[in-house]
Number of protein chains: 2
Amino acid sequence: MKKTLLVYMLLIAAFALYVFRYEQTGPLNGTWEDKGLRGSIGETYMMITFQSGLEYWKSGLKGFEDAGDALGVTVEYRGATRYDAQEQTTVIEQAIARKPAGIAISAIDPHSLIPVINKALDAGIPVVLFDAEAPGSRAYSFLGTDNYKAGVTAADKMAELLGREGQVAVLTLPGQQNHEERSRGFRDTIQRQYPAMKVVEVADGRADAMVSRDESQRLMKAYPKLAGIFVTDATGGAGVGEAVLSQKNSHPLKIISFDTNKATLDMIRGGTISATIAQGTWNMGYWSLQYLFHLHHHLTIPAPSSTGDNTPLPVRVDTGISVVTRANVDDYYAK
Amino acid sequence: MKKTLLVYMLLIAAFALYVFRYEQTGPLNGTWEDKGLRGSIGETYMMITFQSGLEYWKSGLKGFEDAGDALGVTVEYRGATRYDAQEQTTVIEQAIARKPAGIAISAIDPHSLIPVINKALDAGIPVVLFDAEAPGSRAYSFLGTDNYKAGVTAADKMAELLGREGQVAVLTLPGQQNHEERSRGFRDTIQRQYPAMKVVEVADGRADAMVSRDESQRLMKAYPKLAGIFVTDATGGAGVGEAVLSQKNSHPLKIISFDTNKATLDMIRGGTISATIAQGTWNMGYWSLQYLFHLHHHLTIPAPSSTGDNTPLPVRVDTGISVVTRANVDDYYAK
């Protein structure tokens, strides 16, 4: 009977030791939580865009998800199905009602969403903007492309393709800020840096394949020496590509497009489009989640209490661009 | 005896359950390492500046240290003692020899450090730049103040202080890019936004207290109606403050300075300096370390293999500013 008691005691001691070790090193212990950034699975961060069907959002969402995986939190995607500010507002209202740990928003236009963004902040939900901003809102940060710089890069690439001489045109969406900036960066650079080049016209492609195809055909007729077109959106770029492909005598037009949807990449592979500007969309999503996580966990520098006007996070993040050509196009297909 | 056996079996089962739970959730399990960002204590990240004695670096270093604590890695600070490009190059050379996990550098000027920065990258050591950049280098990212925007903010604050009218001057360091941009943002804004205001002179204060004091005395004599001075550096700001304090008949000059060293904050508390522009220095340090950690652990989006020209990290980060006045000055003293 003594032997049994000894075994009992040994077992109980070993048991206690394990419980003790578990408490020391297990997930409930402070040391582990302090060292290392980690949230909880019950913590939900939402990404909200307009036109949820667009292939364009995929890479940003992948970045958002990758950061969610890295930090051990849950992410969800919601999008207005159409290009409709009222619908996106409703989607954000519904998100606020669910009290998420944070929301990353790509704003359909600079103005419409300001009230609902501020409403989320008033409800204590951190908001950052990515891809497309809403400058008057109180969102903590904007992460996106420096579109002027993207236009400069497109101009430099065009000059390289054309041996620094010849007539070029721009096909853009007049009135849309992102596109205006791309166009302006391109035109300024051609004018300042390349005296043997000239931007002969800036036309409206309406981000539509048909309109862009027709407009580019008109431009090629109007300017027989036209050597290149910079198109500030992917759908329009594919339209210009079609125009060139449909010609009997292939016009040696150099096309530089924007973004990296499959149609654009296929045309680069086929040689119809010479280059396209890839945006740092993964970075937009990844660092948006990081920022929201830091706000939710109060890991940013505390705002001075009396004013609240200091900036707990970087206010503006240029997520970078890269130039895609036939040489590296295979790296840009979704994996 | 049957009863004893039952107790044995129950104990063993409970023991096994605990061991099982421990393996499932304990720190040695892969799930824990995968979920959550955490480095190792043997991983050393270095911050390197020029003029290591400057109070200005403290808050950036605090951000760097806070990120190191959060991620469970080691950080070290090194600085050239003087304002000397050759000395800073040597400090970086010494750092490279120690093979750190990453280096964050504030560059003494835009050109001198480019070779040594590229040398670190060639040695496989990630480099980001903060506070002061070196545009021609291959460093992954720059995190710092948008100085033009800081100048705009200073102009808006000056207009508010002066009721949108009156003569103002700028005391700056001609030739230094950061300071030129602050000055330009200020002058452009006064000219465009405030027709009843005028920048009467832009003078050289050499970032020196004595020179700035003398220059501001000269300006007050030359322009008896001078109502405000924007000084683009902290040392100069204190010099202008001294000039105003030393006057017999206190001139009601409004001074807006830059940065938040103790002398500046004291003069704001005392009412001599009306406002100063605080930079997001903590953010520069904190997010520099985050970026280096992500590069070291290959947590960024992979660069297309064939070109390597895409950007694994945001290329440019505006770390934000805030306006410090008597109302919130107490929040800016080092804690």
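Residues numbered from 1 in each chain as written. Chains lettered and ligands numbered in written order. Predicted model: local features only at pLDDT ≥ 70, side-chain atom pairs only at ≥ 80, totals over all residues. Heavy atoms only, no water.

Going by an unreviewed UniProt entry, chain A carries the name Ribose transport system substrate-binding protein and comes from Paenibacillus peoriae. Taken directly from UniProt, the Sequence similarities (unreviewed entry) text for chain A runs: "Belongs to the bacterial solute-binding protein 2 family." Under the UniProt heading Subcellular location (unreviewed entry), the entry covering chain A gives this text: "Cell envelope". (UniProt positions renumbered as here; feature names shortened; annotations may be inferred.)

Asks: What am I meant to see in the pairing of strand S10 (residues 275-279) of chain B here?
Replies: All names here are of chain B. Across the five residues that make up S10, a large majority, five, are buried. Where burial is concerned, the two faces of S10 agree: the one with Ala275, Ile277 and Gln279 and the one with Thr276 and Ala278 are both buried. As defined by bridge partners, strand S9 (residues 254-258) adjoins S10 across three bridges and the pair is classed as parallel. Bridge assignment links Ser257 to a residue of S10, and that residue is Thr276. As a crossover connection, the stretch from S9 through helix H10 (residues 262-270) into S10 is right-handed. With four bridges joining them, S10 and strand S12 (residues 321-324) adopt antiparallel strand pairing. Looking at the pairing, Gln279 lines up with Ile321 of S12. (Buried < 20%, exposed > 50% of the residue type's maximum accessible area, 1.4 Å probe, protein only. Helix = DSSP H or I, 4+ residues; strand = E, 2+ residues; numbered from the N terminus. Pairing = 2+ DSSP bridges. Right-handed = clockwise from strand over helix to strand, strands pointing away.)

Asks: Could you clarify how one ought to interpret the environment of Pro110 of chain B in this entry?
Replies: Residues and elements named next belong to chain B. Secondary-structure assignment places Pro110 in the loop between strand S3 (102-105) and helix H5 (114-122). Look at Pro110 and you get partly exposed, because its relative accessible area is 26%. It is 9.6 Å that separates the C-alpha atoms of Pro110 and Gln176, two residues lying 66 residues apart in sequence. The residues touching Pro110, leaving out its near neighbours within four places in the chain, are Glu133, Ala134, Pro135 and Gln177. (Contact = heavy atoms within 4.5 Å.)

Asks: How do you make sense of helix H10 (residues 262-270) of chain A when you look at a structure like this?
Replies: At 3.6 residues per turn, the α-helix brings residues three or four places apart onto the same side. Residue and element names in this part refer to chain A. For H10, every residue scored as buried is listed here: Thr264, Leu265, Met267 and Ile268. Viewed along the axis of H10, the buried residues span an arc of 160°, placing them on a single side of the element. A positive backbone phi angle near 90° is found at Gly271, which sits one or two residues after H10. (Arc of directions from axis to C-beta.)

Asks: I tried to follow the sheet that holds strand S1 (residues 44-49) of chain B on my own but got confused; where do I start?
Replies: Strands belonging to one sheet form pairs held by backbone hydrogen bonds; the direction of such a pair is parallel or antiparallel. An order of S2(A)-S1(A)-S3(A)-S4(A)-S5(A)-S11(A)-S11(B)-S5(B)-S4(B)-S3(B)-S1(B)-S2(B) is seen for the 12 strands of this open sheet, with the pairing classed as mixed. The open sheet has two edge strands, strand S2 (74-79) of chain A together with strand S2 (74-79) of chain B, and neither has a second partner. Taken pair by pair, the neighbouring strands of this sheet meet at an average axis angle of 20°, ignoring direction. Summarising the sheet, strand S1 (residues 44-49) of chain A and strand S3 (residues 102-105) of chain A pair through four bridges and their orientation is parallel. Along S3 of chain A, the bridge assignment pairs Met46 of chain A with Ile103 of chain A. Where helix H4 (residues 85-97) of chain B meets the sheet, its contacts fall on S1, S2 and S3 of chain B, and the angle it forms with S1 of chain B comes to roughly 175°. (Axes fitted to C-alpha atoms, helices over the stretch in contact; angles between N-to-C directions.)

Asks: Help me out: how do you make sense of the pattern of salt bridges in this one?
Replies: Two side chains carrying opposite charge are able to pair once their charged atoms lie near each other. For the coordinates displayed, the defined rule picks out 32 salt bridges over all chains. Across the salt bridge formed by Asp188 of chain B and Arg192 of chain B, the nearest N and O atoms sit 3.7 Å from each other. One end of the pair is Asp188 of chain B and the other is Arg192 of chain B, both in helix H7 (residues 177-193) and four residues apart, which spans about a single turn. Each member of the salt-bridge network shares a partner with another, and the members are Glu76, Arg78 and Arg98 of chain A. (Salt bridge = Lys/Arg side-chain N within 4 Å of Asp/Glu carboxyl O.)

Asks: Whenever I open this one, the sheet that holds strand S9 (residues 254-258) of chain A confuses me. Can you help?
Replies: All names here are of chain A. An order of S7-S6-S8-S9-S10-S12 is seen for the six strands of this open sheet, with the pairing classed as mixed. Of all strands in the sheet, those with a lone pairing partner are strand S7 (197-204) and strand S12 (321-324), marking the two edges. For this sheet, the mean inter-axis angle between neighbouring strands, taken without regard to orientation, is 20°. Relative to strand S8 (residues 226-231), strand S6 (residues 166-172) runs parallel, the two sharing five bridges. Residue pairing across strands places Leu171 opposite Val231, the latter belonging to S8. Contacts from H10 reach S9, strand S10 (275-279) and S12, with the element oriented near 145° to S10.

Asks: What am I meant to see in helix H9 (residues 234-245) of chain B here?
Replies: All names here are of chain B. When the terminal C-alpha atoms of H9 are compared, their 17 Å separation across 12 residues agrees well with the 16 Å that a helix rising 1.5 Å per residue should span. Buried residues along H9 sit against strand S6 (166-172), helix H8 (209-222), strand S8 (226-231), S9 and H10. Backbone nitrogen of Thr235 and a side-chain oxygen of the N-cap are separated by 3.1 Å at the start of H9; the cap is Asp233. (Expected span 1.5 Å × (residues − 1). Polar contact = N/O pair within 3.5 Å; in protein donor to acceptor, adjacent residues only side chain to side chain.)

Asks: Looking at this structure, how should I read the packing of aromatic side chains?
Replies: Aromatic ring pairs: the centre-centre distance and the angle between the two ring planes describe each pair. Evaluated as defined, the whole model comprises 18 aromatic pairs over all chains. A centroid spacing of 5.2 Å and a plane angle of 90° characterise the contact between Phe50 of chain A and Trp57 of chain A, whose relative ring orientation is edge-to-face. Taken as a pair, Phe50 of chain A and Trp57 of chain A share a single burial class, namely buried. Geometrically, the ring pair formed by Trp57 of chain A and Phe130 of chain A is edge-to-face, given 6.3 Å between the ring centres and 80° between the ring planes. Linking Trp57 of chain A in helix H3 (residues 57-71) with Phe130 of chain A in strand S4 (residues 127-130), this pair joins segments that are 73 residues apart in sequence. Of the two residues, Trp57 of chain A and Phe130 of chain A, both sit in the buried class. A connected cluster of aromatic rings, assembled from ring pairs, spans Trp282, Tyr286, Trp287 and Tyr291 of chain A together with Trp282, Tyr286, Trp287 and Tyr291 of chain B. Against the face of Phe258 of chain A rests Arg182 of chain A, its NZ or CZ located 3.7 Å from the ring centre. (Phe/Tyr/Trp six-rings, centres within 6.5 Å; stacked < 30°, edge-to-face > 60°. Lys NZ or Arg CZ within 6 Å of the ring centre and 35° of its normal.)

Asks: Would you mind going over the environment of Arg269 of chain B with me for this structure?
Replies: Residue and element names in this part refer to chain B. For Arg269, the position within the fold is in helix H10. Each C-alpha atom of the pair Arg269 and Ala327 lies 8.7 Å from the other, and the pair is 58 residues apart in sequence. For Arg269, the residues in contact, after removing those within four places along its chain, are Arg326, Val329, Asp330 and Tyr333. Separated by 2.9 Å, the side chains of Arg269 and Asp330 make a polar contact.

Asks: Before we go on, may I ask you to explain the pairing of S2 of chain B in this structure?
Replies: Looking down a regular strand, the side chains alternate between one sheet face and the other. All names here are of chain B. Sheet topology places S1 next to S2; six bridges connect them, and they run parallel. For Met47, the partnering residue across the bridge sits in S2 and is Tyr77. Handedness of the crossover is the feature at issue here: the chain leaves S1, passes through helix H3 (residues 57-71), returns alongside S2, and the resulting connection is right-handed.

Asks: Quick question: what am I supposed to make of the side chain of Thr49 of chain A here?
Replies: All names here are of chain A. Residue placement: Thr49 occurs in strand S1. Classification of Thr49 by relative accessible area gives buried; the value is 0%. Residues contacting Thr49, with those up to four places away along its chain left out, are Trp57, Tyr77, Arg78, Gly79, Ala80, Gln88, Ser106 and Phe130.

Asks: What exactly am I supposed to notice about the packing of helix H6 (residues 147-161) of chain A against helix H7 (residues 177-193) of chain A here?
Replies: To describe two helices that pack against each other, one gives the angle between their axes and the distance between the axes. Residues and elements named next belong to chain A. The geometry of H6 relative to H7 is characterised by a closest axis approach of 7 Å and an angle of 45° between their N-to-C directions. The pairing of H6 with H7 is recorded here as oblique in orientation. Crossing handedness for the pair H6 and H7: right-handed. On H7, the residues that touch Asn147, Tyr148, Gly151, Val152, Ala154, Ala155, Asp156 and Met158 of H6 are Asn178, Glu181, Arg182, Arg184, Gly185, Phe186, Asp188, Thr189, Ile190 and Arg192. Looking at side-chain class alone, the contact of H6 with H7 contains seven nonpolar, five polar and six charged residues. (Parallel < 35°, antiparallel > 145°, perpendicular 65-115°, else oblique. Left-handed = near helix turned anticlockwise from the far one by under 90°. Nonpolar A, V, L, I, M, F, W, Y, C, P; charged D, E, K, R; others polar.)

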